[in-house]
Amino acid sequence: MTDFDYTTHPGIQALKHVRNPLCIFDVDHFKVLWANQAGLAFWHADSIEHLREREIEQHVTEPIVKRLQQLQTDCFEQDISLTELWTIFPGGASRTVEHSFSPFPIGDETRALLIEVVNEIFDASSDTLRSTAALLHTSAMISLYDADHSLIYCNPAARESLHSRCTTLPQRFINDADIYIIEEALELAECYTTELEVNTTTGPRWHEMTLQKSVDPVSGQPSILVSAVDATERRQAQQTAYKLAYTDSLTGLPNRAALTIYLDELLSIADEEQNEFSLFFLDLDRFKIINDSLGHSIGDQLLIEVAHRLKQAVGGNSMASRLGGDEFVLIMNRVTDTAELKNAAEKILKAMAEPVMLGNQKLRILPSIGICRFPFDGETIASLMENADAAMYMAKARQCGYCFFDKQMTITLSATIKDKLGLENDLVYAIRNHEFELYYQPKISCRTGHVSGVEALIRWNHPTRGLVPPDSFITIAEETGQILELGNWVLDQSMRQQKLWQEAGLLVPVSINISAHQFNTDDLMMNVSECLVRNSCDPAMIELEITESMLLGDADRIHQTLQQLSAMGIQLTLDDFGTGYSNLAYLQKYPLDILKIDRAFLVDQKRSMLMETILNMGKVLGLKVVAEGVEVRSQVDWLINHGCDQMQGFYFSEPLPVHQVTHYLEKHCGGAAPAIKAA
């Protein structure tokens, strides 16, 4: 039996207040799932549980089972309500009842019928008094209009609903075009059933109306007999169910299912109308960092803001939807002109470029956009989505904001994905096979010109690819979760090597990069402590480098972590300062010791004044300042003249394996030292 919780289903609350008997019926299992109070009374049931336990299928014939199954199929496939007259035996005695059957989805792939007792038909008789009594007391709204649509008669139920100014049939309808649709339908058939929004004494409502050609019994002239029942609550329940099924609950945008339906519609009319459209695939850059650092609540707020800006940036002939996560799709109907699409992409990028204030954080996030066009870049939903996704990845790789699809991309992307999967599989065995190695890049004192420390940098000695740089596998390690094992290995090996150097008389501090995953785990303090103890390493000779993005999360937790590391005697370095959020408050709020300036400040002459300001600020705050990316003599002279503390870059040395960097240290640390065995 279908697992249906009627106590939590959003549509049930609206249905409870319907006066007519209602029930939700699981045709596939032939069980009543729920009924309102009127429905319980009609079916002579003490409770919903009592009604759900009834073995209804044992008391009905095979034709009835097949008819209900057909009704369910017709209702869902055509998305309509159907009305039929049935003779049933709810309490033992026969009752002839007009039923309304409507589609009612109760899960992702589960469906049921909403069955309403619209009107009960008592034993037909020519007796006028009986006919009149039935007409006066039925809850159905019965009215009669002449050939000119003027009101001739309405029963009490209709009179109670109709507004006093509704003296003609067209005046009942909120949409003026409805009367023309009805006239066309009655020209083709004797009877027409529809669901329309109407004017009533209580405001706009939805009525299910059956309109039938008839004859005025007094004048003998042609007329239209209208029977109506209120369908507002049922329609609202259906709309609620539709919204749950086809709307993204976080952003309010259409979801993947709604997008698929919309694309199906566009493709179905493409042959008839030669329709063309374009598809934008958007993925947010650096969203994962923000989500992991600040938490899912901030991430959700950011996604809501992105959805709002996306809707504001696109025109009325466009549909913006959210696939899930930080992926969005935009459909621009009847637009394939390259210039128009470029303007649209640039408009989106401009709208997204404005910083977002969430709590105390000022965030800036941009999307990468892939663009493909129908029918030029794909003729199916799958090919369009795949090709737009490929263009998006190319835009992300090129850091160009947006990119149009071309066929060469699929070849390039396929090779890239294949290569990535190969690295991902090999990475599983790399640590246990001892394929990783640490290289070390010297840092030079601006005051003495001697080595003042080294930075540990991981390399992968792949058995077939050779030496693999970190940029090629660190992201994969983060995605697969292996970054934690890898980070702990770097911690242990770096401290072991520092101890070996110290025993050989080379007092060289070692800088170790900490990943965001490591920093946010509860095991960080324990792992650092265990490595220090295991290698008998002096914490004063260890520097841990963190990035600005790691300081975006819970300020209290971050402060506690940094305080504990600082209390151990470890030096704390803020890496790549100036490239991310550049919040100067971090420098005063947290117990940092060293400020590392990104290489971009040395390359870009326009930033030299800002770099001078950072150097002066470091002095005021008592922070050592390290400049990385030093490659030419003029940069060395500038840094020395402006009071920088340490320099690092290819001008002095590239990252070196242990045996080479050891010789370098022996030469530049002052004084000779014996050969040191690599860690």
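Keep in mind that this is a model prediction, so the values were computed, not measured.

A. Local environment of the packing of helix 16 (residues 483–503) against helix 18 (residues 524–534). The N-to-C vectors of helix 16 and helix 18 enclose an angle of 30 degrees; their axes lie 9 Å apart at closest approach. Classified by the angle between their axes, helix 16 and helix 18 sit roughly parallel to one another. Seen from above, helix 16 lies across helix 18 with right-handed handedness. Taking contact as the criterion, the partners of Asn488, Leu491, Asp492 and Met495 in helix 16 are, on helix 18, Asn527, Val528, Cys531, Leu532 and Arg534. Looking at the contact of helix 16 with helix 18 residue by residue, the class counts come to 5 nonpolar, 2 polar and 2 charged.

B. Quick peek at the environment of Pro591. Mapped onto the elements, Pro591 comes out in the loop between helix 20 (585–589) and strand 24 (594–597). Accessibility expressed as a relative area gives 18% for Pro591, which makes it buried. Each C-alpha atom, one on Pro591 and one on Gln560, is 9.9 Å from the other, the two residues being 31 residues apart in sequence. Setting aside residues no more than four positions away along its own chain, Pro591 makes contact with His559, Leu562, Gln563, Ser566 and Leu572.

C. Up close: the sheet that holds strand 17 (residues 402–404). Spatially, 5 strands are ordered 12-13-11-16-17 in an open sheet, and the strand pairing comes out mixed. Edge positions in the open sheet fall to strand 12 (318–324) and strand 17, since each of these has one partner strand only. Each strand axis lies, on average, 20 degrees off the axis of its neighbour in the sheet, ignoring direction. Strand direction decides the pairing type here: strand 11 (residues 277–284) and strand 13 (residues 327–333), joined by 7 bridges, are antiparallel. What sits directly across from Ser278, in strand 13, is Met332. Contacting strand 11, strand 12 and strand 13, helix 11 (residues 296–313) crosses the sheet at an angle of about 10 degrees to strand 13. Helix 12 (residues 338–353) rests against strand 11, strand 13, strand 16 (367–374) and strand 17 of the sheet, and its axis sits at about 155 degrees to strand 16.

D. Structural context of the pattern of salt bridges. Summed over the entire model, instances satisfying the criterion amount to 18 salt bridges. Note that Asp492 and Arg534 form a salt bridge whose closest N and O atoms lie 3.0 Å from each other. Remark: Arg534 occurs in helix 18 and Asp492 occurs in helix 16; sequence separation between them is 42 residues. Overall, Asp492 belongs to the buried group, its relative accessible area being 16%.

E. Broad picture of the nonpolar core. Core analysis: the largest hydrophobic core is formed by 73 residues, its most contacted members being Phe436, Tyr440, Met495, Val528, Leu544 and Ile546. Here this core gets 6 residues from one element, more than from any other, and that element is helix 16. The contacts of Met495, once residues within four sequence positions are left out, are Ile512, Val528, Cys531, Leu532, Asn535, Cys537 and Ile542.

F. Seen up close, the side chain of Gln635. Mapped onto the elements, Gln635 comes out in helix 23 (residues 633–641). Setting aside residues no more than four positions away along its own chain, Gln635 makes contact with Leu602, Gly629 and Val630.

G. Molecular detail of the confidence of the model for the protein. Averaged over all residues, the pLDDT of the protein equals 83, while 87% of them reach at least 70. A low-confidence stretch, residues 671–679 stays under pLDDT 50, and its non-local contacts, those more than four residues away or across chains, total 23 contacts.

H. Structural view of the sheet that holds strand 8 (residues 191–198). In spatial order, the strands read 7-6-10-9-8; together these 5 strands make up an open sheet with antiparallel pairing. Pairing within the sheet leaves two strands with one partner each, and these edge strands are strand 7 (151–154) and strand 8. Each adjacent strand pair in this sheet contributes to an overall mean axis angle of 25 degrees, direction not counted. The pairing of strand 9 (residues 205–215) with strand 10 (residues 222–230) spans 9 bridges and is antiparallel. Looking across to strand 10, one finds that Ser214 is bridged to Ser223. Contacts between helix 8 (residues 232–246) and the sheet are confined to strand 8, strand 9 and strand 10, with strand 9 contributing the most and set at about 125 degrees to the helix.

I. Geometry of the packing of aromatic side chains. This structure, assessed with the given rule, holds 10 aromatic pairs. The interplanar angle of 80 degrees and the centroid separation of 5.7 Å between the aromatic rings of Phe42 and Trp43 together place this pair among those described as edge-to-face. Overall, the relative accessible area of 6% leaves Phe42 in the buried class. Residue classification places Trp43 among the partly exposed positions, given a relative accessible area of 26%. Here the aromatic rings of Trp460 and Phe473 are separated by 5.6 Å at their centres, their planes lie at 80 degrees, and the arrangement is edge-to-face. Of the two residues, Trp460 is situated in strand 19 (residues 451–462) and Phe473 in the loop between strand 20 (466–468) and helix 15 (474–480); the sequence distance between them amounts to 13 residues.

J. Inspection of unusual backbone geometry at higher detail. Residue Pro375 is bonded to the preceding Phe374 through a cis peptide linkage, with omega at 10 degrees. Within the secondary structure layout, Pro375 lies in the loop between strand 16 and helix 13 (381–398). Here His44, not a glycine, exhibits a phi torsion of approximately 55 degrees, which is positive. Its place among the elements puts His44 in the loop between helix 2 (37–42) and helix 3 (48–52). Under the relative-accessibility criterion, His44 is labelled partly exposed at 48%.

K. Just the environment of Val454, in detail. In this fold, Val454 is placed in strand 19. Considering only alpha carbons, one finds Val454 and Val508, 54 residues apart in sequence, at a separation of 7.0 Å. The residues contacting Val454, other than those within four sequence positions of it, are Tyr440, Gln441, Pro442, Lys443, Trp501, Val508, Pro509, Val510, Ser511, Val661 and Leu665.

Calculation notes
- Residues numbered from 1 in each chain as written.
- Predicted model: local features only at pLDDT ≥ 70, side-chain atom pairs only at ≥ 80, totals over all residues.
- Heavy atoms only, no water.
- Axes fitted to C-alpha atoms, helices over the stretch in contact; angles between N-to-C directions.
- Helix = DSSP H or I, 4+ residues; strand = E, 2+ residues; numbered from the N terminus.
- Parallel < 35°, antiparallel > 145°, perpendicular 65-115°, else oblique.
- Left-handed = near helix turned anticlockwise from the far one by under 90°.
- Contact = heavy atoms within 4.5 Å.
- Nonpolar A, V, L, I, M, F, W, Y, C, P; charged D, E, K, R; others polar.
- Buried < 20%, exposed > 50% of the residue type's maximum accessible area, 1.4 Å probe, protein only.
- Pairing = 2+ DSSP bridges.
- Salt bridge = Lys/Arg side-chain N within 4 Å of Asp/Glu carboxyl O.
- Core = buried A, V, L, I, M, F, W, Y, C linked by side-chain atoms within 4.5 Å.
- pLDDT = per-residue confidence, 0-100.
- Phe/Tyr/Trp six-rings, centres within 6.5 Å; stacked < 30°, edge-to-face > 60°.

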